[in-house]
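An overview of the molecular structure
Chain by chain, the residues:
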Amino acid sequence: MNEKKKRVVSIGEVMIEMTRGPDGRFRQTCAGDTFNTAVYLARRGLPVAFASALGDDPYSDQILALAAAEGIVTELVARVPGRLPGLCLVETDPAGQHIRNYWRDGSPACQLFELPNWGRIAEVMLGARIIYFSGITLSIYSNTGLGRFLAVLETAREAGAKVVFDGNYRPGAWHGDVQRTRTVVETLSPATGARFSLIPPDNATGNFVKVVQRVPVKIQWTKPPQLAMRPGLSAEVTVHVEH
């Protein structure tokens, strides 16, 4: 297995983050959910590449320098002349909660799969060991970009890559379009290898051990739930079937 085949490819956006301190001054850092994950994986010694797009400005240079210092492979970060990375402004309200405001509409990362060299990103994804992305990743792409991304994702999975999806959901990133959010996430299921069959044909001989099995069930909300829902929650579900 070559080195690229062993890689984790983390896909998304990294932004310049400006955080206002108690004295009113701002501290500059850079952050992004999938970028942060890439940093943590690299610190654990895993070979990881970050796929995104940045400008050719000094701020983008700083981001790439940080990634390189953390041991993240940056050959999948496209550079777009004349563009700037997204900006996140973080402030703290009287209750101590962080309030984030984003400026990302012109961010090159939003057009990663529409750039002239997007095929190079796709080629590396096809040979990855693990492909990691999040709900925020999905929210920043146009329909064209999403179509290309999901097509490459499914092909990579069929080639043996493990697809890891972090359901990090930020309503503002989707501009309040709940219907589009639902449609994109539902379209995502085949590309991640999710199965919703009662008895998956895992045993080729047809002999099934008679033990209690977990049955995968897909639950789709038609209205927003009254309780806070987060990825990873467990539940005891009662299914009423009419004969």
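Refer to the structure printed above.
The present account deals with the structure reproduced in this document. (Residues numbered from 1 in each chain as written. Predicted model: local features only at pLDDT ≥ 70, side-chain atom pairs only at ≥ 80, totals over all residues. Heavy atoms only, no water.)

1. Re the pattern of salt bridges
Test applied: Salt bridges are counted wherever a side-chain nitrogen of Lys or Arg sits within 4 Å of a carboxyl oxygen of Asp or Glu. To qualify as a helix, a DSSP run of H or I must reach at least 4 residues; to qualify as a strand, a run of E must reach at least 2; elements of each kind are numbered from the N terminus. A simple rule labels every residue: compare its accessible area, found with a 1.4 Å probe on the protein chains alone, to the largest value its type can have, and call it buried under 20%, exposed over 50%, or partly exposed in between.
Scanning all chains against the criterion turns up six salt bridges. Glutamate 75 is the salt-bridge partner of arginine 7, the closest N and O atoms lying 3.1 Å from each other. Taken together, the positions of arginine 7 in the segment before β1 (8-11) and glutamate 75 in the loop between α2 (58-69) and β5 (77-80) put the pair 68 residues apart, joining distant regions of the chain. Take glutamate 75: its relative accessible area is 34%, and that puts it in the partly exposed class.

2. A word on the packing of helix α3 (residues 118-126) against helix α5 (residues 143-158)
Quick note on the threshold: An axis is simply a line fitted to the C-alpha atoms; with a helix, the fit covers only the stretch in contact. Between two such axes, the angle follows the N-to-C directions and lies from 0 to 180 degrees. Angular relationships are summarised with four words: roughly parallel below 35 degrees, roughly antiparallel beyond 145, roughly perpendicular across 65 to 115, and oblique for the angles in between. Two helices that cross are described as forming a left-handed crossing if the nearer one is turned anticlockwise from the farther one by less than a right angle, and a right-handed crossing if clockwise. Two residues form a contact once any of their heavy atoms are found within 4.5 Å. Nonpolar residues are Ala, Val, Leu, Ile, Met, Phe, Trp, Tyr, Cys and Pro. Charged residues are Asp, Glu, Lys and Arg, and all others, Gly as well, are polar.
Closest axis-to-axis distance for the α3/α5 pair is 9 Å, and the angle between their directions is 25°. Taken together, the axis directions place α3 and α5 in an arrangement best described as roughly parallel. Crossing hand, α3 versus α5: right-handed. Residues Trp118, Ala122, Met125 and Leu126 of α3 form the contact with α5, whose participating residues are Arg148, Phe149, Val152, Leu153, Thr155 and Ala156. Looking at the contact of α3 with α5 residue by residue, the classes come out as eight nonpolar, one polar and one charged.

3. Quick notes on α5
Here is the rule we go by: To estimate how far a helix should reach, multiply one less than its number of residues by 1.5 Å. For this quantity, the arc is that covered by the directions from the helix axis to the C-beta atoms.
For α5, built from 16 residues, the straight-helix expectation of 22 Å at 1.5 Å per residue is met to within 8% by its first-to-last C-alpha distance of 23 Å. Looking at α5, one finds that the buried residues are Gly145, Leu146, Phe149, Leu150, Val152, Leu153 and Ala156. Buried residues along α5 cover an arc of 165° about the axis, so they all sit on one side. Every exposed residue of α5 that faces more than 90 degrees away from the buried side is listed here: Asn143 and Glu158. At the exit of α5 stands glycine 160, carrying a positive phi of roughly 115°.

4. Observations concerning the nonpolar core
Stated precisely, the cut-off is as follows: For this analysis, a nonpolar core means a set of buried residues of the types Ala, Val, Leu, Ile, Met, Phe, Trp, Tyr and Cys, connected via side-chain atoms within 4.5 Å.
Ranked by internal contacts, the top residues of the largest apolar core, which has 35 residues, are Ile11, Met125, Ile131, Phe133, Phe149 and Leu153. Those elements giving two or more residues to this core turn out to be β1, β4 (48-55), β5, α3, β8 (130-134), α4 (135-140), α5 and α6 (178-192). Residue contacts for phenylalanine 133: discarding those within four places in its chain leaves Ile11, Thr34, Leu138, Phe149, Leu153, Val163, Val164, Phe165, Asp166 and Leu188. One finds Val14, Cys30, Ala67 and Ile130 within the second-largest nonpolar core, a separate group that totals 17 residues.

5. Concerning the pairing of strand β2 (residues 15-20)
The test is simple: Criterion used throughout: strands pair if DSSP finds at least two bridges between them.
Where β2 lies against strand β3 (residues 26-31), six bridges are found, and the strand directions are antiparallel. Bridge pairing links isoleucine 16 to cysteine 30 in β3. Connecting β2 to the next strand, β3, in antiparallel fashion are five residues, including glycine 24 with a positive phi near 90°.

6. Considerations on the pairing of β4
Quick note on the threshold: Convention used here: a crossover is right-handed provided that the path from the first strand, over the helix, to the second strand proceeds clockwise when the strands point away from the viewer.
Counting buried positions along β4 gives eight out of eight residues, so the element sits mostly inside the fold. Side-chain alternation along β4 places Val48, Phe50, Ser52 and Leu54 on one buried face and Ala49, Ala51, Ala53 and Gly55 on a second face that is also buried. As paired strands, β1 and β4 are joined by four bridges and run parallel to one another. Each residue of the ladder has a partner; that of valine 9, found in β4, is alanine 49. A crossover links β4 with its parallel partner β5, the connecting element being α2, and its sense is right-handed.

7. Topic: the sheet that holds β3
If you trace the four strands from one edge of the open sheet to the other, you get β3-β2-β6-β7, paired in mixed fashion. Every interior strand has two partners, whereas the edge strands, β3 and β7 (98-103), have only one. Averaged over neighbouring strand pairs, the angle between their axes works out to 25° when direction is ignored. Of the pairings in the sheet, the one linking β2 to strand β6 (residues 87-92) comprises four bridges and is parallel in character. Within the sheet, the bridge partner assigned to methionine 18 lies in β6 and is leucine 89. Most of the contacts of α2 go to β3, to which it runs at about 60°, and overall it touches β2 and β3.

8. Regarding the packing of aromatic side chains
Pairs of aromatic rings are described using the distance from one ring centre to the other and the angle between the two planes. To be explicit about the condition: Any two rings among Phe, Tyr and Trp, with Trp reduced to its six-membered ring, count as a pair given centres within 6.5 Å; such a pair is stacked if its planes are under 30 degrees apart, edge-to-face if over 60, and tilted if neither. Two limits define a charge over a ring: the Lys NZ or Arg CZ must be within 6 Å of the ring centre, and within 35 degrees of the ring normal.
Counting across every chain of the model gives seven aromatic pairs. Ring centres of phenylalanine 113 and tryptophan 118 lie 6.4 Å apart, and the angle between their planes is 65°; this geometry places the pair in the edge-to-face category. Since its relative accessible area comes to 0%, phenylalanine 113 is described here as buried. Aromatic side chains phenylalanine 113 and tyrosine 141 sit 5.5 Å apart centroid to centroid with 85° between the ring planes, which places their arrangement in the edge-to-face category. Taken together, the positions of phenylalanine 113 in the loop between β7 and α3 and tyrosine 141 in the loop between α4 and α5 put the pair 28 residues apart, joining distant regions of the chain. Judged on exposure class, the residue phenylalanine 113 and its partner tyrosine 141 are both buried. An aromatic cluster of at least three residues, connected via ring pairs, comprises Phe113, Trp118, Phe133, Tyr141, Phe149 and Phe165. The side chain of arginine 104 reaches across the aromatic face of tyrosine 102, ending 5.0 Å from its centre.

Just distances and angles here, no functional claims.
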